[in-house]
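Descriptive structure summary
Take a look at the letters that make up each chain.
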Amino acid sequence: MGAQFDITYVFEYFIKLLPFIKISLLIVAGSILLGLGFGFLAALPRLYKIPVLKQLSQIYASFFRGTPILIQLFLLYYGLPEILKLVSIDISKLPVLLFVIIAYGLHSGAYVSEGIRAAVSAVDRGQVEAAYAIGMTGFQAFSRIVFPQALAISIPILANLVIATLKDTSLAFTLGVMELTGKSQTLPTMSRHFIETYIALAAVYFMISFILEKLFHLAELRLLRHETGVVKASRISLVRKWLNRELPAEIALNKGGSGI
Amino acid sequence: MKLDFSFLWTAFIKLLPAVPTTINITVVSVLCGFIIGTFVALSRIYKVPVLNQISTVYVTIIRGTPMLTHLMILYVGLPLLIDGLGKEFGWSFRSVSIPMIGFAYISFSITAGAYFSEVIRSGMQAVNKGQLEAAHAIGMTTPQALRRIVFPQAFAAALPNLSNSVIGMLHGSTLAFTVSVVDINAQAQIVASTNWKFFEAYLAAALVFWGLTILIERLTALLEKRVNLYNRGGVA
Amino acid sequence: MIKLRQISKSFGRNEVLKGIDLTVEKGEVVAILGPSGSGKTTLLRCINYLEKPNDGEISIDDFTVHCRKPVKKDIHILRQKTAMVFQQYNLFRHKTALENVMEGLVIVKKLPKDEARKKSIELLEKVGLGNKLDSYPSQLSGGQQQRVGIARALALNPEVILFDEPTSALDPELVGEVLAVIRKIAKEGITMIIVTHEMSFAQDVANHVVFMDEGVIVEEGNPREIFQSPKEERTRQFLARITPESTYVI
C-alpha cells in the first residue's frame, strides 16, 4: 500500500491542511457556545432541584455522555429532520455543518452541565454563609461570591472539554464535512502518500491542542491569582492539585478517554 | 415522525451479534492500556532517566491528537514498517496476515496507554506521602510498600477516572469501522443502509451503548463502595 | 437589646435547642460556654438565621422575627443587623483583604466605593493589618485572616457581632493576636456574643456568661458568679475539667 515514505510530503500536506483549521475551529467554537447554553439550562434544574425538569436533565446528560459521539452524529443527522418535520419545519436543505455543530453542542452540553454542577458544589459552603452573614441576598451571594470562584474552578474542565471536542471533530468527516480530517482523506488520492498525510494531520491537531492548552493555562493562572500561595510555587501541577483537592472525587476533571 | 418501533426491535436483535466485537476491542485496549499506562506512570513518577522523557513525549502527543489519527497512522504505517523490515531480514511474515481487528487492538491500546497513565499517575499522587514513609518505617521494601499500601489507595482514588476512561475506550471503539471491523456501530450502518431506516438503526445502537455505559457505571459504583470502606473511617 | 424567646431547633429527630430564652443588653459581651454538642454554636447560628430555628422569636430592639413563619425580608433585615465571625474565617477567597471588608459596604449597604474604601482601610488598620490591604486570604496566616474577618464584621455597624469559636482553628501562637483585637473592640461598647473555649478570656472579657448543656441554658450570670461559685453541678464539673490549663497571656 502507498508509496515509499517521503518526509517532504508531510510538510507539503501540513501546509495544505492549514486553511481547514478554521472549519474545525468553527465546529469547536459553535458547539462549545451551544454546549454552554444547553449545559447551563440543564444544570439549573439540578442545582435548584426542580422536579420533573431535574429528571429530564439527568436523562439528557446520561444519554449524551453514555453514547459514542459518532453514533450521536448519525442519530442527529437522520433524526433531527424527522423530528422537526413534526412541527413542519423543513431543515433537510440546511448545510451538514449545522447538524454537526448541533450534535457536538448537545454532546458537550452534557459535559458542561456536569461541570457546572461540580464547580458550584466545589465552592466551600462557608463562602455562602459568610455572604449571607454580611446581609447579601441569595442572588448577590451567587453572582458575586459563588459564581466567580466556580468559574476559576471550571477553567480546567472547560479546557479539557474544548480540546476533547477538537479531537472529536475529526469524526465530522463521516458526514462529509470538509474539516481537517475530511480534507486529509482527499490529499493522498493521487500521490498515494497516506502515512505522510496522516502524520501531517496529527501534527496539525497537536499544534492546535497545544496552543489551546497554553491559552487556558494562562486564563487559569489569571482567574486563580487569589490562590497565589499555591500558584506561584509551581506552574501547572500545583494548580491542578489544588483543584483536585477542592473537587469531589466523583467528578473526574476530564472526559477520560472519550475525547478521542 | 413515524418511529418504527418494530424495526427498532429488529435492529436491536441484529446488532447483538456485533456486541462481542465491541466488548473485545474495549477489553483488549483497556487491559493493554492499563499495563502500558502503569509503566509510563511509574517511569514518570520516579523520573527514570530516558524513559521519563520518552513517556512524556508519548503521553503529550497521544493526548494532543485524535484517536482516529492514531488508528489511521498505524493502519498505513505498520504494514510499511513490517514489510520493509521483512524484506530486509527475509521474514516470511507479511502485513496482510494481520487481521483487521489487530490494527484496532494495537492502535487503541496505544491510545489507552496514554490516557490510563495520566489516570494512574494522578491516583498515585493522591496518596499521602506519609503512607509510603510509614510503610518504610515498619520495615517494608519499596515494592512491598507500593504493592500493599500505595497501589490499593491509589486505585481507590483513581477509580472514578478509570471508569471514565473505560467508557471512553468503549465509545472510541466505534472508530474500528474505519478499518472495516464490524462492531456495533458498523453493524448499525449495515442494518441502516440495507433497510433504509437510518434513524431506528442508530437509535438501537445508541441504546446498546447507553446500556453498556450504565452497566460500567453501576459496576464502578459497586466497586467503589467496597474499595472506599476505609475512607469513611467507620466499620460499616 | 437582643431578646431570644423559646428558640428551638431539631436536626431530624435530634433536638439540639430546647426552647432557649436569652436577653442581651446593649453593649454587653456575652460568652457562651459548654461542652461540645451542647448546642451553643447552633444557637449562635440561629441568631442570624444561618440555621432556621423551628420555633421561637428573635428580637433586636423593636424588630422581631417570628421563627415559625419567618418572612424572607425579615431574615434579610436580621442579617443586616447582625454580623458573624466564623471559626473557619470564611473570607471570600477570590477577594483581597480590602475587598473582603468593602464587599458588604458596597453591595449590601450601597455605600459609594471611595467611602467604603476609606472606612475599610481604617478598620483594617484598627485590627493591625494596614499593610496587608491587597493580600489575598491564601497569602495570610490564620490569625491575620481572622482579623480581616473581624474587620469585615465591624464594617457593617451591626447591632451585635456573633463570634463562633473565633480562635479554635488557629495555631496556639496565633490565638493571642486575635483575642487582643476582640478585647480591644469589646472596650468600645459593641454588643458581642462569643462562643468560645478560651475560659480565661471569657472570664476576663465577658460581662455576661452563659453555660449551656444538652440544648438548654443551665446557668447564666456575671463571670464571677459562674466561674467562682457556680450553682449547678453540671457547670462545676465542666469548669473543673477545663479551667486548670487555659492560660493564654495576652
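As a reminder, the structure under discussion sits directly above these lines.
We now turn to the structure provided with this report. Along each chain, the written sequence defines residue order, and numbers are assigned to residues from 1. Going through the entries in the order they are written, you letter the chains from A and number the ligands from 1. Since the coordinates come from a predicted model, pLDDT governs what is reported: local features require at least 70, and pairs of side-chain atoms require 80 or more to be given and counted, while whole-chain, interface and lining totals use all residues. Each side-chain value is derived from all of the structure's non-hydrogen atoms; neither hydrogens nor water enter the calculation.

Secondary structure is summarised from DSSP: a helix means a run of H or I of at least four residues, a strand means a run of E of at least two, and numbering begins at the N terminus for each. Counting its secondary structure elements, chain C contains 9 helices and 10 strands. Our radius of gyration is a C-alpha quantity, and the globule rule it is checked against amounts to 2.2 Å times the number of residues to the power 0.38. For chain C, whose C-alpha radius of gyration is 18 Å, the value lies close to the compact-globule estimate of 18 Å for 250 residues. The principal-axis extent of the C-alpha atoms belonging to chain C is close to 55 × 45 × 30 Å. Working definition: with a 1.4 Å probe on protein chains only, accessible area under 20% of the residue-type maximum means buried, over 50% means exposed, and in between means partly exposed. A buried classification covers 57% of the 250 residues belonging to chain C. Put simply, 64% of the contacts in chain C that link residues at least 6 apart link residues at least 24 apart. For every accessible area listed, the method is Shrake-Rupley and the probe measures 1.4 Å; residues are considered covered only by the protein chains on display. For chain C, the accessible surface area stands at approximately 11000 Å², while carbon and sulfur atoms represent 46% of it. Neither His nor the chain ends contribute to the count of charged residues, in which Lys and Arg are positive and Asp and Glu negative. For the purpose of locating charges, the reference atoms are NZ of Lys, CZ of Arg, CG of Asp and CD of Glu. Here chain C contributes 35 positive and 34 negative side-chain charges, whose respective centroids are spaced 5 Å apart. Note on definitions: a residue-residue contact is assigned when non-hydrogen atoms from the two residues lie within 4.5 Å.

Residues and elements named next belong to chain C. Should DSSP find at least two bridges between two strands, the strands are regarded as paired. Strand order in the open sheet formed by 6 strands is β6-β7-β8-β3-β9-β10, and the pairing between neighbours is mixed. Looking at which strands have only one partner, the edges of the open sheet turn out to be β6 (82-85) and β10 (216-221). Strand-to-strand, the axes of this sheet are offset by a mean angle of 20°, without reference to chain direction. As defined by bridge partners, strand β3 (residues 29-33) adjoins strand β8 (residues 192-195) across 4 bridges and the pair is classed as parallel. In the strand pairing of β8, I32 is matched with V195. As a rule, the C-alpha atoms of each element are fitted with a line to give its axis, helices using only the stretch in contact, and angles between N-to-C directions run from 0 to 180 degrees.

Residue and element names in this part refer to chain C. Reading across from one edge, β2-β1-β4-β5 is the order of the 4 strands in this open sheet, with antiparallel pairing throughout. Every interior strand has two partners, whereas the edge strands, β2 (14-24) and β5 (63-66), have only one. On average, each strand axis in the sheet is tilted by 20° relative to the strand beside it, whichever way the strands run. The sheet contact formed by strand β4 (residues 55-60) and β5 spans 4 bridges and is antiparallel. Paired with S59 across the strands is T64, a residue of β5.

With that out of the way, let us pick up the interface of chain B and chain A. Each side of the interface is counted separately: chain B has 39 residues, and chain A has 45 residues. In this assembly, chain B packs against chain A so that about 3800 Å² is buried in total across both faces, 76% of it on carbon and sulfur atoms. Should a side-chain nitrogen of Lys or Arg be within 4 Å of a carboxyl oxygen of Asp or Glu, the pair is scored as a salt bridge. The tally of links between chain B and chain A comes to 0 salt bridges. Polar contacts here mean pairs of N or O atoms no more than 3.5 Å apart (in protein, one a potential hydrogen donor and the other a potential acceptor; neighbouring residues in sequence count only if both atoms are side-chain atoms). Here chain B and chain A share 6 residue pairs in polar contact (both at pLDDT 80 or more) between them. When two parts are put together, the accessible area they lose, computed with a 1.4 Å probe and summed over both, is reported as buried area.

Right, let's get into the side chain of C:T82. Mapped onto the fold, C:T82 is located in strand β6. Polar contacts involving the side chain of C:T82 include one to the main-chain carbonyl oxygen of C:L78, which spans 3.1 Å. Residue contacts for C:T82: discarding those within four places in its chain leaves A:A133, C:I47, C:N48, C:I60, C:P158, C:V160 and C:L162.

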